[in-house]
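Single-letter residue listing:
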Amino acid sequence: MWAVTITDFIQIIVAGAGIIAATFFTVNKLGGWSSMVEAVNSQTSANYFTMTQGVEPSYILYLILPMFIYTLIGQDVYQRLFAAKDTKTAKKAGILACVIVGILTFFPVILGIAGKAIFPELANPSLVVPQIISAILPPVLGGITLAAVIAAILSTADSILTAATSHVIGDVYLRFILKDGTADDAKLLKLSRIWTLIIGLISVFVALMMPNILNVLLLSYTIYTAGVFAPVVGGLLWKKATKEGAFAGLAGGLLFVVLGMNGFSIFGIPSDIMSCLFSVIIFAVVSLFTYKPAA
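Residues numbered from 1 in each chain as written. Predicted model: local features only at pLDDT ≥ 70, side-chain atom pairs only at ≥ 80, totals over all residues. Heavy atoms only, no water.

Examining the nonpolar core
Considering soluble globular proteins, one finds that nonpolar side chains tend to be buried as a cluster. Let me state the cut-off plainly: The definition of a nonpolar core used throughout is a set of buried Ala, Val, Leu, Ile, Met, Phe, Trp, Tyr and Cys residues joined through side-chain atoms within 4.5 Å. Buried means the residue's accessible area, taken with a 1.4 Å probe over protein chains only, is under 20% of the maximum for its type, while exposed means over 50%, and partly exposed covers the values in between. Only DSSP runs of H or I with at least four residues qualify as helices, and only runs of E with at least two residues qualify as strands; both kinds are numbered from the N terminus onward. Contacts are residue-level and defined by heavy atoms, with any inter-residue pair within 4.5 Å sufficient.
Grouped together as the largest cluster of nonpolar side chains are 11 residues: I19, A22, F107, L111, F119, V128, I132, I133, I136, L137 and L141. Mapped by element, the contributors of at least two residues to this core are α1 (2-29), α6 (106-118) and α7 (128-135). A total of three residues in this core trace back to one element, the largest contributor, which is α7. Look past the residues within four positions of L111 in its chain and what remains in contact with it is I19, A22, T23, T26, V129 and I132. Grouped together as the second largest cluster of nonpolar side chains are seven residues, V27, M36, I113 and A114 included.

As structure tokens, this is what we get:
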């Protein structure tokens, strides 16, 4: 965790500085904010600069909720909190991270809009940042921006690798292989390093084999949030939560995801959100039926 923390600290500085510098340079290249707004509005009827027209509130909600739900259950988030020296530090860190990330997230959006103004005929919008790096930014700033993009990816990857390793060591090795509960710290550290390398290599192989890694990421996030949200949050906050309810909620959420992948929908609500709601209902019902008050 210390290695991950130091790495992430450096990466967030690189990512933040790079994307902010690239955004200001690109907007200035267009002649300033007003010129960018005018250029974009002349190319499209989409209301990029308003929150009240052209976008349904439900659409914005559907964009926010999946990430919000994931953050509440992400092991990479919890392991950082558990690694803090005390509760007060964990709370301050969470608030500070929220403020910093909240500010930084505006800049990639502005950079993307500026790219729309510069490259109106670009067929694939996901290529706008590479296009800006190669065609607009000077070499040094382009390199820093590219490093920022890579840093943003790696800051997530190292934490997920640590989380995956903890599952192998904590949930498989200690629970089912080393059943007596005794473990040598040096041996566990060595095993953790080995499994981090193994899982990392497997992840690289899967990424290289997939034609569209974003679709795989979306699917994995959907499956994860659908099944895990109710057991984790419910288990932490609800005293009547039971093991049976947790397993039922997990299975129910995953079932709804499978149905959603095959076109099933209720009121047009996205499957990742609806599956969480479905999982919560099943979790609550089964827990109530199986709850036994302590004698």
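Regarding the packing of helix α4 (residues 75-83) against helix α8 (residues 139-177)
Quick reminder of the rule: Fitted lines through C-alpha atoms give the axes, limited to the stretch in contact for helices. The angle between two N-to-C directions lies from 0 to 180 degrees. By definition in this entry, angles of less than 35 degrees are roughly parallel, angles greater than 145 are roughly antiparallel, angles of 65 to 115 are roughly perpendicular, and the rest are oblique. Residues are sorted three ways: Asp, Glu, Lys and Arg are charged, Ala, Val, Leu, Ile, Met, Phe, Trp, Tyr, Cys and Pro are nonpolar, and all the rest, Gly among them, are polar.
Look at α4 against α8: their axes get within 9 Å of each other, and the N-to-C directions meet at 85°. The angle between the axes of α4 and α8 places the two elements in the roughly perpendicular class. Between α4, through Q75, D76, Q79 and R80, and α8, the contact on the second element is made entirely by S155, S159, I160, T162, A163, S166 and H167. Of the residues that constitute the contact of α4 with α8, the class distribution is two nonpolar, seven polar and two charged.

Structural notes on the environment of S279
For clarity, the threshold we go by: What qualifies as a polar contact is a pair of N or O atoms within 3.5 Å, subject to a donor-acceptor requirement within protein and to the restriction that residues adjacent in sequence count only when both atoms come from side chains.
Mapped onto the fold, S279 is located in helix α12 (residues 271-290). Spatially, the C-alpha atom of S279 lies 27 Å from that of T156, the residues being 123 residues apart in sequence. Within the structure, S279 has its side chain in polar contact with the backbone oxygen of G249 (distance 2.6 Å).

Details of a nonpolar patch on the surface
We apply this condition: A patch is a set of surface residues, each over 30% in relative accessible area and not in a salt bridge, joined within 9 Å for like charges and within 5 Å for the nonpolar side chains Val, Leu, Ile, Met, Phe, Trp and Tyr. In this description, accessible areas are obtained by the Shrake-Rupley approach with a 1.4 Å probe, and a residue is regarded as covered only by the protein chains that are shown. A side-chain nitrogen of Lys or Arg and a carboxyl oxygen of Asp or Glu constitute a salt bridge if their distance falls within 4 Å.
Side chains of W2, I6, F9, I10, I12, I13, L96 and I100 sit close together on the surface and give an oily, nonpolar patch of about 840 Å² of accessible area. The element contributing the most residues to the nonpolar patch is α1, with six residues. Assessed through its relative accessible area of 48%, I13 is described here as partly exposed.

Focus on the packing of α1 against α6
This is how the line gets drawn: Put simply, a crossing is left-handed when the front helix is turned counterclockwise from the back one by less than a right angle, and right-handed when it is turned clockwise.
Orientation of α1 relative to α6, taken along the N-to-C sense of each, is 35°, at an axis distance of 9 Å. Our pair here, α1 against α6, has a crossing hand that is left-handed. Only F107, P108, I110, L111, A114 and I118 of α6 make contact with α1, whose side of the interface consists of I19, I20, A22, T23, F24, T26 and V27. Looking at the contact of α1 with α6 residue by residue, the classes come out as 11 nonpolar, two polar and no charged.

Things to note about the side chain of T145
Looking at the element boundaries, T145 is found in helix α8. The contacts of T145, once residues within four sequence positions are left out, are G18, A22, I133 and L137.

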